[in-house]
Amino acid sequence: MRQLLVILLLTLSMSGRAVTYYIRAGASGAGSGTSYENAWPGFGKVVWGPAGVHEGDTLYVCGTHEYGRDFAYLKNTVGAGGEDGAPITIRGDYPGNPGAIVGARRIPVAAFTLGANGVYSAPFGFSAAYAWQGDPTQTPKLLRGVSSVAEVAAREGCFWRDPVAKVFYVKPYGGAMSDIYSNWVGALYLNGKSNVTIKNLRLFGGAGNDGVVRLTKGHGDARNITIDGCEIAFGYYAGIYAGGGNTANIAVRNTRLHHVMTGTYTLGIVAADQPHLSHDGWMFDGVEVYANEEVDLIFDNRDRHALGGQNIRNLLIQNCYVHDWPGEGVIDYVTAAGKMDNVTIRYNRFHNLNDATNSNWHYGVAKHGSSSAQYEENTKNWHIYNNIFTELGGDKTINLGVGAAIRIKGGAALDGNQTLVANNVFYHCNYGLFISATTLGNVGATVKNNISLSPLSGGAHVWVYNFGGASTLDIDNNLYYPDGLWTWKSAGQLDFAAWKTQASADAHSVLADPRFDNASATLSQPNDFKPRPISPAIDAGADVGLANDYFGNPIPQGTHPDIGIYERLTPKIILIDADGITTFTVSLKGK
């Protein structure tokens, strides 16, 4: 009996032991997946579940896996989830053979024939709404879709697929032909699986109304997902998509998102007669999102935010960098019956949110949504602090607040739960802060210790749009420069004195040049926005409960907090006696 028990315990122990598996493009070994040499040759060969990859296991993706060559449609789906505390980990960092998944068909350069006017052609029997040129793991570029061979010939970087002859035409960038990737489908589908970690993997290609990485799309709820150290690019709709199911505890860390129409998208409602979806506990930490004007001109006009979506509550966005982006930085949009409360956005940079045709909105951060009687309750407790917003533009006539560093809709009672906007810097934006009301007519926010410098022509430091309800605005201890750039309701453009009177705001605020260090001479880098010792921002702020500045320095260093993202450190003289024992410290007044 004792021997039987020992055997049973050993069997249970071995069955619960984490296993490392491998998938390698072109592998020709035994195909068991249990070693690099005997790796599974494609996603279609991966065994998921109790007999293969399951909770606690690791799957290495080795080499580049291409749609059509290495896997068929939907065969790049994660077939099992982990358990709490024992996720399935999918890695792309096998030494010497890093992993990439390309959700697009490759047309090899050898398939093309050079014709007239520098136009190349190749047979291609699949749809081709979008395409890029070049190895995605190197320096690829998006191609612009046009409608005829003549249009292709007129401009490099264009392509067209003749749907009748099934021929793909392209005029490559610089005249140098390379592989083309089209017929995008998506790189990795989780389809409602939970407890999955994706680490150091490169993922390319995403289809319409979907993502390069799909968490769920009507496949049930997904929770406890971590995406860490990845590159996600070339998505027709979104880099990371979640719709048709609830999500919870989603962490995206140290990841690059680029050349996607929308960085992340969570869908809050599928149909009017269905329950509103909830996305709870998302975190973005150290994420970089960028594109260029190609994205704006090549993809059609849809949601263009870098991070966010609908109905995300308990959201944390920190240490992120959104730049050279044709849309908005962060948007959290609440549906009529949804929630997006408890949101913290801190230590981020938003730079150069503009597009070639001035057709997008370019908010840095937007708190927005459908008006309802529950709006204020469902969107309470936002904290936006220690962020840098530079060069946010766009056509101010196409929508309210275009190019605002921060746009806030609605208000809340002054009970500690209303939106806090503190210690941010706004430079060369259409507006520093734009506040509008819900249909209930209310506006409200606590706005302190911010610096607004040089709004763009026709813009304003602060614009509080027309409202007919209650105002719980608490605006004070800010620094502005220059004068004459405020708007209160329908009063038109006001100078500082008139603004303070009409808005009953900024009684202790400062109108003066902040005298930044501007070490790079461009006012674009974080260190540029440190105040010099003579800055009027020093010791002019209010205590709003922040413990540290953008750089991690403790607050305060002087008699009061500083205004802006940097708490200037106090020089100190430490006197030491002959025996090396500290006797006392003298702080120098004035920083």
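Just above, that's the structure.
To start, this report covers the structure provided alongside it. (Residues numbered from 1 in each chain as written. Predicted model: local features only at pLDDT ≥ 70, side-chain atom pairs only at ≥ 80, totals over all residues. Heavy atoms only, no water.)

When helices and strands are counted, the protein chain shows 5 helices and 47 strands. For 591 residues, the compact-globule estimate of 2.2 N^0.38 gives 25 Å, and the C-alpha radius of gyration of the protein chain, at 27 Å, lies within 12% of that figure. Principal-axis analysis of the C-alpha atoms places the extent of the protein chain at approximately 80 × 75 × 60 Å. Long-range contacts, defined here as pairs at least 24 residues apart, represent 73% of the contacts in the protein chain between residues at least 6 apart. (Helix = DSSP H or I, 4+ residues; strand = E, 2+ residues; numbered from the N terminus. Rg over C-alpha atoms; globule rule 2.2 N^0.38 Å. Contact = heavy atoms within 4.5 Å.)

The buried count for strand E36 (residues 425-429) comes to 4 of 5 residues, which makes it a mostly enclosed element. Both E36 and strand E39 (residues 451-453) contribute to a ladder of 3 bridges, which runs parallel. Counterpart to Tyr-427 in the pairing with E39 is Leu-453. (Buried < 20%, exposed > 50% of the residue type's maximum accessible area, 1.4 Å probe, protein only. Pairing = 2+ DSSP bridges.)

Two side chains that carry opposite charge are able to pair once their charged atoms sit near each other. Counted under the stated rule, the structure contains 14 salt bridges. Put simply, Arg-202 and Glu-231 hold a salt bridge, and the shortest N to O gap is 2.6 Å. Residue Arg-202 is located in strand E16 (residues 202-206), and its partner Glu-231 is located in strand E19 (residues 231-243); the two are separated by 29 residues in the primary sequence. With a relative accessible area of 25%, Arg-202 lands in the partly exposed category. Notably, a salt bridge pairs Asp-210 with Lys-217, separated by 3.9 Å at the nearest N-O pair. Taking the relative accessible area as the measure of exposure, Asp-210 reaches 4% and is therefore buried. (Salt bridge = Lys/Arg side-chain N within 4 Å of Asp/Glu carboxyl O.)

The 4 strands lie next to each other as E5-E13-E8-E9, forming an open sheet whose pairing is antiparallel. Each having just a single partner strand, strand E5 (105-107) and strand E9 (141-142) make up the two edges of the open sheet. When strand E8 (residues 131-133) meets E9, the two strands line up antiparallel, connected through 2 bridges. Considered in E9, the bridge of Trp-132 is made with Leu-142.

The sheet built from 8 strands is open, its strands ordered E24-E28-E31-E34-E37-E40-E43-E44 with mixed pairing. The open sheet terminates on both sides in strands that have one partner only, identified here as strand E24 (305-310) and strand E44 (493-494). Across 5 bridges, the pairing between E24 and strand E28 (residues 328-334) is parallel. By the bridge assignment for E28, His-305 is matched with Glu-328. The sheet strands contacting helix H5 (residues 496-503) are strand E40 (460-464), strand E43 (486-488) and E44, and the helix crosses E43 at an angle near 25°. (Axes fitted to C-alpha atoms, helices over the stretch in contact; angles between N-to-C directions.)

This paragraph deals with the side chain of Arg-144. Assignment of secondary structure puts Arg-144 in strand E10 (residues 144-145). Other than its neighbours up to four places away in sequence, Arg-144 contacts Arg-155, Gly-157, Cys-158, Phe-159, Leu-297 and Ile-298.

Counted according to the given criterion, the structure contains 40 aromatic pairs. Ring geometry for Tyr-67 and Phe-71: centres 6.0 Å apart, planes at 40°, overall tilted. On the basis of relative accessible area, Phe-71 is assigned to the buried category, the value being 5%. Here the aromatic cluster, defined as three or more aromatic residues joined through ring pairs, consists of Tyr-130, Trp-132, Tyr-181, Trp-184, Phe-234 and Tyr-236. Sitting over the ring of Phe-126, Arg-105 keeps its end group 3.6 Å from the ring centre. (Phe/Tyr/Trp six-rings, centres within 6.5 Å; stacked < 30°, edge-to-face > 60°. Lys NZ or Arg CZ within 6 Å of the ring centre and 35° of its normal.)

Of all the 7 residues making up E28, 6 are buried; the element is thus mostly covered by neighbouring parts of the structure. Two strands pair when backbone bridges link them, and E28 and strand E31 (residues 365-369) are joined in this way by 5 bridges, in the parallel orientation. The partner of Val-330 across the bridge, within E31, is Val-365.

A few words on the nonpolar core. Counting residues in each nonpolar core, the largest one holds 106 residues, and the members touching the most others are Ile-198, Leu-203, Leu-215, Leu-307 and Trp-499. Sorting elements by how many residues they give to this core places E19 first, with 6 residues. Aside from chain neighbours lying at most four places away, what touches Leu-215 is Leu-190, Asn-191, Gly-192, Ala-222, Ile-225, Ile-240, Tyr-241, Ala-242, Ile-250 and Trp-282. Core analysis: the second largest hydrophobic core is formed by 17 residues, Tyr-550, Ile-563, Ile-565 and Tyr-566 among them. (Core = buried A, V, L, I, M, F, W, Y, C linked by side-chain atoms within 4.5 Å.)

Keep in mind these values describe shape, not function.
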